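These are the residues of each chain, in order.
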Amino acid sequence: MACLGQAVIQRVLPTLRLDRRWLLAAAVVLLALPALAQGGGPPTIPGPVDAPAPGAAAAAVPDATPAPVPGEIPAPAPGDAPPPRTPDATTQGPGLPTTKPPALERVVVALPTDKPPPLAPPRQVLVVEAPTTKPPPLERGPADIPGPACDAEHHRPLIDEALAMARTRIREAIRLVQEEPDHPHVRRWFGSAPRKTIRITLELTAARLDDMTGVDIRCNDPPDCPGGRFAYASERTRVLGVCPPFFRARMDGTDSRWGILIHEASHLAANTRDHAYRPAGALRLAKDDAARAAENADNYEYFVETLPR
Ligand SMILES: [Zn+2]
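The rules behind the values
Along each chain, numbering runs from 1 in the same order as the chain's sequence is written. Two thresholds apply to this predicted model, a pLDDT of at least 70 for residue-level local features and 80 or more for giving and counting side-chain atom pairs, whereas whole-chain, interface and lining totals are computed over all residues. Strands are runs of DSSP state E lasting at least 2 residues, helices are runs of H or I lasting at least 4, and numbering of each runs from the N terminus. In this description, a line fitted to the C-alpha atoms serves as the axis of each element, helices being fitted only across the stretch in contact, and the angle between N-to-C directions of two axes falls anywhere from 0 to 180 degrees. We call two directions roughly parallel when the angle between them is under 35 degrees, roughly antiparallel when it is over 145, roughly perpendicular when it lies between 65 and 115, and oblique otherwise. A pair of residues counts as a contact when their C-beta atoms, built from backbone coordinates, are separated by no more than 7 Å. Residues are grouped as follows: nonpolar covers Ala, Val, Leu, Ile, Met, Phe, Trp, Tyr, Cys and Pro; charged covers Asp, Glu, Lys and Arg; every other residue, Gly included, is treated as polar. Nonpolar cores are identified as sets of buried Ala, Val, Leu, Ile, Met, Phe, Trp, Tyr and Cys residues joined via C-beta atoms within 7 Å. Put plainly, a residue is buried at 20 or more neighbouring C-beta atoms within 10 Å of its own, exposed at 12 or fewer, and partly exposed in between, counting only other residues' C-beta atoms, which are placed from the backbone. Of all possible arcs, the one meant is that of the directions from the helix axis to the C-beta atoms. Strand pairing is defined by DSSP finding a minimum of two bridges between the two strands. By convention the crossing between two helices is left-handed if the near helix lies anticlockwise of the far one by an angle smaller than a right angle, and right-handed if it lies clockwise.

A.B. asks: Explanation requested: the environment of Pro 194 in the structure shown.
C.D. replies: Along the chain, Pro 194 turns up in the loop between helix H5 (184–190) and helix H6 (195–210). Put simply, Pro 194 and Pro 181 are 13 residues apart on the chain and 9.5 Å apart in space, counted from C-alpha to C-alpha.

Here it is as structure tokens:
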């Protein structure tokens, strides 16, 4: 046997790899040995449970109340127990409940009636690249395009539209003067001026508007468009010019695009004057000097523009 033990030591031990893990495990076992020794020896194998001997149970029951564990609520001692319930006289058996158990209450749980809040939309971050090219220039309107030649694309359509409206409206004005020479509207703008003068001036102007042959229409010519001038006309040179404010004017109300053309055409066709400007000036002239009102271009313009229809 000694020879066999030596052989094992000589052959097996060198094959064992006694690295650190083995040493650590061995150290743990050595440290745990004293604790195992204090535990009370080897574990006992449970044997068959014996029935308690008579009298042994009584001896095992402790007759003293166990001391309360600190921190725990002590169990009630036998003397603290409530007195046993005396049976009711009407009951058959002792301790049976006499009253009906309380009816089960219906617990109504209100269901939520309102909608749950909508799910928040997924947040998206839109990354927009900064433009690297210049924005296109703002489109220029007829008022911004310089003249003096009228641009066929931008200027002429607005002029032609105004001319057409001026022709229509001045015919209605002529009809009113012919049919109702004492109409309040005629008195308002011309006072007591001769109706024949008013009518002839209107008819000459209408004829001019109908045929603009020989009239040099100019657009946005800076030297002739100072300040806020709408338009201008020269009977001598046969020039009718319109300025940027003309292209910004509307097609209704006073100082409309078509009314401005009636004013200028009256200069060309009937040699009207500019004694007074604006509606207030024209109305005052009709009251104070009817003869001059019948010569004043603005009186014709506003008379037609405010014609009752
Ligand atoms: Zn004028």
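Resuming the write-up.
A.B. asks: Would you mind going over the packing of helix H4 (residues 156–179) against helix H8 (residues 257–270) with me for this structure?
C.D. replies: To characterise two packed helices, one gives the angle between the axes of the helices and the distance between these axes. Here H4 crosses H8 at 70 degrees, and the two axes come no closer than 8 Å. Put simply, H4 runs roughly perpendicular to H8. The segment H4 lies against H8, with Leu 158, Ala 162, Leu 163, Met 165, Ala 166, Arg 169 and Ile 170 engaging Arg 257, Trp 258, Leu 261 and Ile 262. Counted by class, the contact of H4 with H8 contains nine nonpolar, no polar and two charged residues.

A.B. asks: Just checking my understanding: could you explain the nonpolar core for this structure?
C.D. replies: In globular proteins that are soluble, nonpolar side chains generally tend to be buried together. In this structure, Ile 170, Trp 189, Phe 190, Phe 246, Leu 261, Ile 262 and Ala 293 are the most contacted members of the largest nonpolar core, which totals 46 residues. If one sorts the elements of this core by residue count, H8 sits on top with eight residues. In contact with Leu 261, not counting residues within four places along its chain, are Ala 162, Leu 163, Ala 166 and Leu 209.

A.B. asks: Can you help me understand helix H9 (residues 278–288) in this one?
C.D. replies: Buried within H9 we find Ala 282, Leu 285 and Ala 286. For H9, the angular spread of buried residues about the axis comes to 100 degrees, placing them on one side. In H9, those exposed residues whose orientation departs by more than 90 degrees from the buried face are Ala 280, Lys 287 and Asp 288. Elements that come into contact with the buried residues of H9 comprise H5, helix H10 (290–293) and helix H11 (297–305).

A.B. asks: Is there a simple way to explain the sheet that holds strand S3 (residues 239–242) in this structure?
C.D. replies: Each strand in a sheet pairs with its neighbour through backbone hydrogen bonds, running either in the same direction (parallel) or in the opposite one (antiparallel). Spatial strand order, S1-S3-S2: three strands in an open sheet with mixed pairing. Each edge of the open sheet carries a strand with a single partner, namely strand S1 (216–219) and strand S2 (231–234). Within this sheet the neighbouring strands show an average axis-to-axis angle of 15 degrees, counted without direction. Contacting S2 and S3, H8 crosses the sheet at an angle of about 15 degrees to S2.

A.B. asks: I would appreciate a short explanation of the packing of H8 against H11 in the present structure.
C.D. replies: Orientation of H8 relative to H11, taken along the N-to-C sense of each, is 145 degrees, at an axis distance of 8 Å. Here H8 runs over H11; the crossing is right-handed. Contacts between H8 and H11 involve Gly 259, Ile 262, His 263, Ser 266 and His 267 from the former and Ala 297, Asp 298, Tyr 300, Glu 301, Val 304 and Glu 305 from the latter. Grouping the amino acids of the contact of H8 with H11 by side-chain chemistry returns four nonpolar, four polar and three charged.

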